[in-house]
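Topology and contacts: notes
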Amino acid sequence: MTCSLPTVDLGVPSTRTTTRPPVRTPLVTEIQRFSLQDGPGIRTTIYLKGCPLRCPWCHNPETARRSQEVYYYASKCTGCGRCVKACRSGALEIAKADNGRSIVTSDPSKCASCMRCVAACPSGAREAVGAAVSMDSIVSELLADEIFFKSSGGGVTISGGEPLLYADFIVELARRLKSEANIHIAIETSGFARWDALEKLLPYVDLFIVDIKTMSAEKYRNVIGGSLPTVLSNIDGLIASGATVRIHLPIVPGFNDSDADATAYVDHLGARADKLAGVDVLPFHSFGAGKYAQLSREYAFKGVEDLGHGKLLPLVKALEESGLRQVTIGGIAGIGSPQVNEQAVA
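Before going into details, it helps to say that this report is about the structure given with it. (Residues numbered from 1 in each chain as written. Predicted model: local features only at pLDDT ≥ 70, side-chain atom pairs only at ≥ 80, totals over all residues. Heavy atoms only, no water.)

**Let's talk about the side chain of Thr157**
As for its placement among the helices and strands, Thr157 is situated in strand S9 (residues 155–159). Of the polar contacts made by the side chain of Thr157, one reaches the backbone oxygen of Asp38; its length is 2.5 Å. Beyond its immediate stretch of four places on either side in the chain, Thr157 contacts Asp38, Arg43, Thr44, Thr45, Ile46, Ala186 and Glu188. (Helix = DSSP H or I, 4+ residues; strand = E, 2+ residues; numbered from the N terminus. Polar contact = N/O pair within 3.5 Å; in protein donor to acceptor, adjacent residues only side chain to side chain. Contact = heavy atoms within 4.5 Å.)

**Topic: the nonpolar core**
In this structure, Ile247, Leu249 and Leu319 are the most contacted members of the largest nonpolar core, which totals 70 residues. Tallying contributions element by element places helix H5 (residues 167–181) first for this core, with 7 residues. Residues Cys87, Met115, Cys117 and Ala125 belong to the second largest nonpolar core, which totals 13 residues. (Core = buried A, V, L, I, M, F, W, Y, C linked by side-chain atoms within 4.5 Å. Buried < 20%, exposed > 50% of the residue type's maximum accessible area, 1.4 Å probe, protein only.)

**Structural notes on the state of the cysteines**
Per the counting criterion, the structure on display carries 0 disulfides. With no disulfide of its own, Cys87 lies 6.3 Å from the sulfur of Cys114, the closest cysteine sulfur. (Disulfide = S-S within 2.5 Å.)

**Some details on empty space enclosed by the protein**
Inspection of the entire model under this criterion finds 1 cavity of 30 Å³ or more. When its volume is computed, the largest cavity comes out at roughly 70 Å³. Forming the boundary of the largest cavity are 14 residues, of which Cys77, Gly79, Cys80, Cys83 and Cys121 lie nearest the centre. Across the lining of the largest cavity, the residue classes break down as 8 nonpolar, 4 polar and 2 charged. (1 Å grid on protein atoms, 1.4 Å probe; cavity = no way out; pocket = protein on both sides within 12 Å on 5 of 7 lines; lining within 4 Å. Points joined across faces, edges and corners; volume = space filled by probe spheres on them. Nonpolar A, V, L, I, M, F, W, Y, C, P; charged D, E, K, R; others polar.)

**Here we look at the packing of helix H9 (residues 259–270) against helix H11 (residues 313–321)**
At a minimum axis separation of 9 Å, H9 and H11 run at an interaxial angle of 25°. For the element pair H9 / H11, the angle class is roughly parallel. Both H9 and H11 take part in a crossing whose hand is right-handed. On H11, the residues that touch Ala262, Tyr265, Val266 and Leu269 of H9 are Leu315, Ala318 and Leu319. Partitioning the contact of H9 with H11 into residue classes produces 7 nonpolar, no polar and no charged. (Axes fitted to C-alpha atoms, helices over the stretch in contact; angles between N-to-C directions. Parallel < 35°, antiparallel > 145°, perpendicular 65-115°, else oblique. Left-handed = near helix turned anticlockwise from the far one by under 90°.)

**Remarks on the packing of aromatic side chains**
The tally for this structure, following the rule as stated, stands at 6 aromatic pairs. On the basis of an interplanar angle of 45° and a centroid distance of 4.9 Å, the ring pair of Trp57 and Phe255 is categorised as tilted. Separated by 198 residues along the polypeptide, Trp57 in the loop between strand S3 (43–48) and strand S4 (69–72) and Phe255 in the loop between strand S12 (245–251) and H9 bring together distant segments of the chain. This pair shows no difference in class: Trp57 is buried, exactly as Phe255 is. Arranged with centres 6.4 Å apart and planes meeting at 90°, the rings of Trp57 and Phe301 form a pair that is edge-to-face. Of the two residues, Trp57 is situated in the loop between S3 and S4 and Phe301 in the loop between helix H10 (289–294) and H11; the sequence distance between them amounts to 244 residues. For the pair shown, Trp57 and Phe301 are each scored as buried. Ring-pair connections join several aromatic residues into one group, and the members of that group are Trp57, Phe255, Phe284 and Phe301. Against the face of Tyr73 rests Lys76, its NZ or CZ located 5.1 Å from the ring centre. (Phe/Tyr/Trp six-rings, centres within 6.5 Å; stacked < 30°, edge-to-face > 60°. Lys NZ or Arg CZ within 6 Å of the ring centre and 35° of its normal.)

**Description of the pairing of S12**
For S12, the tally of buried residues reaches 7 of 7 residues, placing the bulk of the element in the interior. The two faces of S12 match: Val245, Ile247, Leu249 and Ile251 on one face and Arg246, His248 and Pro250 on the other face are all buried. Bridging between strand S11 (residues 207–211) and S12 involves 4 bridges; their strand directions are parallel. Bridge assignment links Ile209 to a residue of S12, and that residue is Arg246. Sheet topology note: the S12/strand S13 (residues 278–283) ladder contains 6 bridges and is parallel. The residue bridging Pro250 from the neighbouring strand is Leu282, located in S13. (Pairing = 2+ DSSP bridges.)

**Considerations on unusual backbone geometry**
Put simply, Gly160 and Gly161 share a cis peptide bond, and its omega is 15°. Summarising the element assignment, Gly161 is placed in the loop between S9 and H5. Despite not being glycine, Gln326 shows a phi value in the positive range, around 50°. The class for Gln326 is partly exposed, based on a relative accessible area of 45%.

**Some words on the packing of helix H3 (residues 135–143) against H5**
Between H3 and H5, the shortest axis-to-axis distance is 11 Å and the interhelical angle comes to 45°. Judged by the angle between their axes, H3 and H5 are oblique. Crossing hand, H3 versus H5: right-handed. Counting all contacts with H3, which are made through Met135, Asp136, Ile138, Val139, Leu142 and Leu143, the residues of H5 involved are Phe169, Glu172, Leu173, Arg176, Leu177, Glu180 and Ala181. Residues belonging to the contact of H3 with H5 are distributed by class as follows: 9 nonpolar, no polar and 4 charged.

So this is what it looks like as structure tokens:
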């Protein structure tokens, strides 16, 4: 069964249009205003749905698949069964929770993404994840915050998921934001993509924020499902092209938090210290755990404690001593060693 998705009007009048051929837009999961961690200044971040990687700790699991999905809020469910009757693919069943209350269980593998269950739910227990939004509506929504960008040195950050899956869309979006208001554009990416996808963005993107999830090619391939050599080659390609590049290091317990991991990061990045705009060390957190339950998925890091900032200070210090600039914990507006904090204040 195939179902077409309606175009969503975000409620902002579209006064800017384009005569260029339409670009197929990805599903959008969120447009987040007043973001301080996704680039310099006050930013609006747009999250696109779809990612080729499968990081088991991902705190935005709703952006992994390209197709529309459903959040299920069990606390709102009355157990009326209307969603079960509306589902034509047999993905839903009525079950009993441990407290004897009726709930609905879901088999995502059977879901046709038709959203009939969402429309049938009278209590708001089911919510569609991902909306098809027109390019004009996206541009108007993002430019609504132009005054904050100009006053703070901020702009728009394109994130995901993996936005490089939609390079043509990003080129058109960035081109319009540049031509219509000269907005600062940043992109958050894993770097796992063809070089030509990055190359076509060079004229429009002011800041490339690239994750290096591990320096082990084997772990990158077997755990995450991608190619570390591709990522590292793309980073070097961006540097050689004169792009501004900032590195994100997500540190995950049991995956890349050993002394050997830290040494590998320091050696590789230190050799490029004068060519990188900065490094943000991102401690593991479990804030996204609830999303897995809402999507009827298992969370591989259930029960794993969040990483405290103190555990990451040795890595921050080593990165600084290797010559890297603007090293933080938690992002551009995050914290680091006292030296880092003094630089941020200055």
